[in-house]
Amino acid sequence: MRTRLIPRTNLEASVLCLGTAEFGSVVDDSLSETITDRYIDSGGNVLDTAEVYAAWIPGGSHRSEEFLGRWLRKRKSRNGLILSTKGAHPRLDSMDISRMSRKDVESDLDSSLQRLGVDSVDLYWLHRDDPGTPVEDILLTLEEFRKAGKIQYAGFSNWTQPRAEAARIAAEKLGLTGFIGSQNQWSLAKADAAKGDPTWAYIDESFAKWHAQHGYAAFPYTPQASGYFRRLDNGTIAKASDLVKGLFHHPINENRYKQLKALQAQTGFSVAQIALGYLLGQSFPVFPIVGPKKVADLEESLSASEITLTAEQVDFVSASP
């Protein structure tokens, strides 16, 4: 798999990251291990998890990090790997109550390190924002964690562009590295934010330009829109979840599907290759986080890393009607 340098870091990352949200729970340990091993064998090196994974499943709390901890112990080496986890997510039964205090974030970080069985993670993301907490305080807290050797670099997840810009300016004034990138929702399928999780944040055209202008990487989640275009392709869109239909099933994306099919006819690329190729073909480094639940899903995603869309093809497939 291709690799590229994550801007603002010394980390060389594979262009696809492995999301492990339901590894060790919905995806049992054996299959999780098979998928992880196959990803590593393909040249992948970014393993992404979170403190909150997978608390939405009965008995699933922390199972993702615990699985990765066991996998790492079995492997007996993390050489060449980039470990990525997230904290500061509100508790699921009180999503309106922020957990951005130093005490909460440090508790999340320390517990994640314990479950992963490591002293430090390469990438640490704040899983949600609290607009009531000054960005300066957040950045200084993260810098203390970095100096303590608990994290190498930090990023934000589900932050808006105005808060990201405020953090960028604050980091410059404080003389800190600050955030190195984002982990927001982004895919070829344009999201209707009003129909989605109100705590998610998205990368739109303006935010993409912000990343390119200021040298930030993006690590988008649900980069294939939970299989939206594949469902259009095989006629199963009616069976998609209400969340997927609400977020993605609207005229803009139906037009993008037509553009995708036209590009497929020209190139012979698969739906998955074009959907991920749209992100990988951006003018700044994008590292999509794929979350396969089957080996076949992973193989389909891996095939996308083998092709390249031109800037013209990226523009064509995402053109407005």
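Structure shown above.
Basis of the calculations
- Residues numbered from 1 in each chain as written.
- Predicted model: local features only at pLDDT ≥ 70, side-chain atom pairs only at ≥ 80, totals over all residues.
- Heavy atoms only, no water.
- Helix = DSSP H or I, 4+ residues; strand = E, 2+ residues; numbered from the N terminus.
- Rg over C-alpha atoms; globule rule 2.2 N^0.38 Å.
- Contact = heavy atoms within 4.5 Å.
- Buried < 20%, exposed > 50% of the residue type's maximum accessible area, 1.4 Å probe, protein only.
- Pairing = 2+ DSSP bridges.
- Right-handed = clockwise from strand over helix to strand, strands pointing away.
- Axes fitted to C-alpha atoms, helices over the stretch in contact; angles between N-to-C directions.
- Parallel < 35°, antiparallel > 145°, perpendicular 65-115°, else oblique.
- Left-handed = near helix turned anticlockwise from the far one by under 90°.
- Nonpolar A, V, L, I, M, F, W, Y, C, P; charged D, E, K, R; others polar.
- Salt bridge = Lys/Arg side-chain N within 4 Å of Asp/Glu carboxyl O.

K.L.:
Sorry, what's going on with the overall build of the protein here?
P.N.:
Scanning the protein from N- to C-terminus turns up twelve helices and ten strands. Computed over the C-alpha atoms, the radius of gyration of the protein is 19 Å, within 12% of the 20 Å expected from 2.2 N^0.38 for a compact globule of 321 residues. Its C-alpha atoms give the protein principal-axis dimensions of roughly 55 × 45 × 40 Å. Long-range pairs, those at least 24 residues apart, make up 77% of the contacts in the protein with a sequence separation of at least 6.

K.L.:
Help me understand the pairing of strand β7 (residues 151-156), please; the structure alone is not making it clear to me.
P.N.:
Side-chain positions along a regular strand alternate between the two faces of the sheet. Buried residues dominate β7, accounting for five of its six residues. Of the pairings in the sheet, the one linking strand β6 (residues 121-126) to β7 comprises five bridges and is parallel in character. Residue pairing for β7: Y124 is matched across the bridge by A154. In the classification by handedness, the crossover that spans β6, the intervening helix α4 (residues 135-147) and the parallel β7 is right-handed. Taken together, β7, helix α5 (residues 161-174) and strand β8 (residues 179-182) constitute a β-α-β crossover, and its handedness is right-handed.

K.L.:
Sorry, what's going on with the pairing of β8 here?
P.N.:
Both β7 and β8 contribute to a ladder of two bridges, which runs parallel. Residue pairing for β8: A154 is matched across the bridge by F179. Looking at chain direction, β8 and strand β9 (residues 217-218) are connected through two bridges and run parallel. For G181, the partnering residue across the bridge sits in β9 and is A217. You can see the chain leave β8, run along helix α6 (residues 205-214) and come back into β9, and the turn it takes is right-handed.

K.L.:
Please clarify how the packing of α5 against α6 should be interpreted in this entry.
P.N.:
In a packed pair of helices, the relevant descriptors are the angle between the two axes and the axis-to-axis distance. Where α5 contacts α6, the two axes come as close as 10 Å, and the packing angle between them is 15 degrees. Between α5 and α6, the crossing angle belongs to the class labelled roughly parallel. For α5 against α6, the interelement crossing comes out left-handed. Residues Q161, A164, E165 and R168 of α5 touch α6, and the partners they reach there are S206, F207, W210 and H214. For the contact of α5 with α6, the class distribution of residues is three nonpolar, three polar and two charged.

K.L.:
Sorry if this is basic, but what is going on with the pattern of salt bridges here?
P.N.:
Pairs can form between side chains of opposite charge whenever their charged atoms are close. Within the structure shown, the criterion is met by 23 salt bridges. Across the salt bridge formed by R102 and E106, the nearest N and O atoms sit 3.6 Å from each other. In this pair, R102 and E106 are both assigned in helix α3 (residues 102-116), four residues apart and thus about one turn of the helix distant. Assessed through its relative accessible area of 36%, R102 is described here as partly exposed. Linked through salt bridges whose partners overlap, the residues forming this network are R102, E106, D110, E144 and K150.

K.L.:
Whenever I open this one, helix α11 (residues 295-304) confuses me. Can you help?
P.N.:
Residues spaced three or four apart along an α-helix point in a common direction, a consequence of the helix completing one turn every 3.6 residues. What α11 keeps buried is the set D297, L298, S301, L302, S303 and A304. Where α11 is buried, its residues touch β3 (17-19), α1 (29-41), α7 (228-234), α10 (271-280) and β10 (289-290).

K.L.:
Sorry if this is basic, but what is going on with the sheet that holds β10 here?
P.N.:
Sheets are built from strands that pair by backbone hydrogen bonding, the pairs being arranged parallel or antiparallel. A sheet is described by the order of its strands in space; here eight strands give the open sequence β9-β8-β7-β6-β5-β4-β3-β10, paired in parallel fashion. The strands lining the two open edges of the sheet, one partner per strand, are β9 and β10. As defined by bridge partners, strand β4 (residues 46-48) adjoins strand β5 (residues 82-87) across three bridges and the pair is classed as parallel. Across the sheet, residue D48 finds its bridge partner in β5, namely S84.

K.L.:
Hey, could you run me through unusual backbone geometry in this one?
P.N.:
For residues that are not glycine, phi is negative in most cases, and the peptide bond is trans in most cases. Cis geometry is adopted by the peptide bond preceding A54, which originates at Y53 and carries an omega value of -15 degrees. One can find A54 in the loop between β4 and α2 (63-75). In this model, R8 sits at a positive phi of 70 degrees, which is unusual for a non-glycine residue. The topology assignment puts R8 in the loop between β1 (3-5) and β2 (12-14). In this model, H62 sits at a positive phi of 70 degrees, which is unusual for a non-glycine residue. You can see H62 is positioned in the loop between β4 and α2.

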